[in-house]
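So the chains spell out like this:
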Amino acid sequence: MRRPVRRYVLAPAGAGLAVAAGLVLAGLATDDGGPGTPDGRAGAAVATAARATVMDPGSRPDAPALDGDDLDGNAVSLAGLRGHVVVLNVWGSWCGPCRAEADDLEQLSRRTRSEGVRFLGINTRDRDPAAARSFVRAHSLSFPSLPDPTGDLLLRFPPALLNPQAVPATLVIDRRGRIAASIGGAVTEEQLRPVLAHVAEEES
């Protein structure tokens, strides 16, 4: 079934105020492919230009259940963040573009917390938890991340919205726990902020 979406094509980092002005709005569908190249090409894993697909509220799928102990052994769950806009970021310590985006994500996490936005990571394909914790320390990440060494958590999501082979990837979850936006590739604060503002302005 084809679903109408709003697609924001985001300008590259450094475009300044042109990012907000340059958002392109079009009526498209997700059935024949979305962000993150569902064919799993390796090039998607090193993309640095992000693309966000913001779906109409009535067409959004529910995010799957995510819960467990984070990298520090603290219990966290996606359901526990209901009522907040959630940025769900998929990363790995082995991933170069993940390192490139990590500082921007942490900065945005701190700046948007008072606006009701929360961040949650999924640390994927890191067999050694020490490597993941080292990544967190190196980038001073304050938000929790669920370990997913085998990629099982990623397989709970619709592949058109979250391709397990494309890392990094970012989803924006609305206050009702539905997937509102999907971004494939590394993202910057400048690129992600207008998407968060759009979803945050919606009625819960």
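Conventions adopted
- Residues numbered from 1 in each chain as written.
- Predicted model: local features only at pLDDT ≥ 70, side-chain atom pairs only at ≥ 80, totals over all residues.
- Heavy atoms only, no water.
- Helix = DSSP H or I, 4+ residues; strand = E, 2+ residues; numbered from the N terminus.
- Salt bridge = Lys/Arg side-chain N within 4 Å of Asp/Glu carboxyl O.
- Buried < 20%, exposed > 50% of the residue type's maximum accessible area, 1.4 Å probe, protein only.
- Phe/Tyr/Trp six-rings, centres within 6.5 Å; stacked < 30°, edge-to-face > 60°.
- Pairing = 2+ DSSP bridges.
- Right-handed = clockwise from strand over helix to strand, strands pointing away.
- Core = buried A, V, L, I, M, F, W, Y, C linked by side-chain atoms within 4.5 Å.
- Contact = heavy atoms within 4.5 Å.

Details of unusual backbone geometry
Going from Val167 to Pro168, the amide bond is cis rather than trans, its omega being 5°. With respect to the secondary-structure elements, Pro168 resides in the loop between strand 8 (145–148) and strand 9 (169–173). In this structure, Arg125 is a non-glycine residue whose phi angle is positive, near 60°. Mapping Arg125 onto the fold places it in the loop between strand 7 (117–124) and helix 3 (129–138). If you check the backbone angles, Ser140 has positive phi at about 50° while not being a glycine. By the element assignment, Ser140 lies in the loop between helix 3 and strand 8.

Focus on the pattern of salt bridges
Under the defined criterion, the tally for this structure stands at six salt bridges. Where Arg60 meets Asp174, a salt bridge forms, and the shortest distance between an N and an O atom there is 2.9 Å. Placement of the pair is Arg60 in the loop between strand 3 (51–55) and strand 4 (67–69) and Asp174 in the loop between strand 9 and strand 10 (179–184), with a sequence separation of 114 residues. The residues Arg60 and Asp174 share a single accessibility class, namely buried. In this structure, the salt-bridge partner of Arg193 is Glu115, at a minimum N-O distance of 3.8 Å. Here Glu115 lies in the loop between helix 2 (96–112) and strand 7 and Arg193 lies in helix 4 (residues 189–200), a separation of 78 residues in the sequence. We classify Glu115 as partly exposed; its relative accessible area is 44%. Each of Arg60, Asp174, Arg178 and Glu202 takes part in one network of salt bridges that share partners.

Here's the deal with the packing of aromatic side chains
Evaluation of the coordinates by the stated rule reveals two aromatic pairs. On the basis of an interplanar angle of 15° and a centroid distance of 4.5 Å, the ring pair of Trp91 and Phe135 is categorised as stacked. With Trp91 in strand 6 (residues 85–91) and Phe135 in helix 3, this pair connects stretches of sequence that are 44 residues apart. Across the pair, Phe135 and Trp91 agree in class, each one buried.

Thoughts on the pairing of strand 6
For strand 6, a buried count of seven out of seven residues is recorded, marking the element as mostly surrounded by other parts of the structure. Across the two faces of strand 6 the burial is the same, with Val85, Val87, Asn89 and Trp91 and Val86, Leu88 and Val90 all buried. Sheet topology places strand 6 next to strand 7; seven bridges connect them, and they run parallel. Across the sheet, the residue bridging to Val87 is Phe119, located in strand 7. Viewed along the sheet, the connection from strand 6 through helix 2 into strand 7 turns out right-handed.

Regarding the nonpolar core
Nonpolar side chains in soluble globular proteins generally cluster together in the buried interior. Within the largest apolar cluster, 49 residues are counted, with the highest numbers of intra-cluster contacts made by Leu66, Ile122, Phe157, Val172, Ile179, Leu192 and Leu196. Broken down by element, the residue count for this core peaks at six residues, all from strand 6. Once you skip the residues sitting within four places of it in the chain, Val172 turns out to touch Val85, Val86, Arg178, Ile179, Ala180, Ala181, Leu192, Val195, Leu196 and Val199.

Considerations on the pairing of strand 7
With eight of eight residues buried, strand 7 is to be regarded as a mostly interior element. The alternating pattern of strand 7 places Val117, Phe119, Gly121 and Asn123 and Arg118, Leu120, Ile122 and Thr124 on opposite faces, both of which are buried. As paired elements, strand 7 and strand 8 share four bridges and run parallel to each other. Bridge pairing in strand 8 places Thr124 opposite Asp148. One crossover worth recording links strand 7 to the parallel strand 8 by way of helix 3, and it is right-handed.

Structural measurements only, silent on function.
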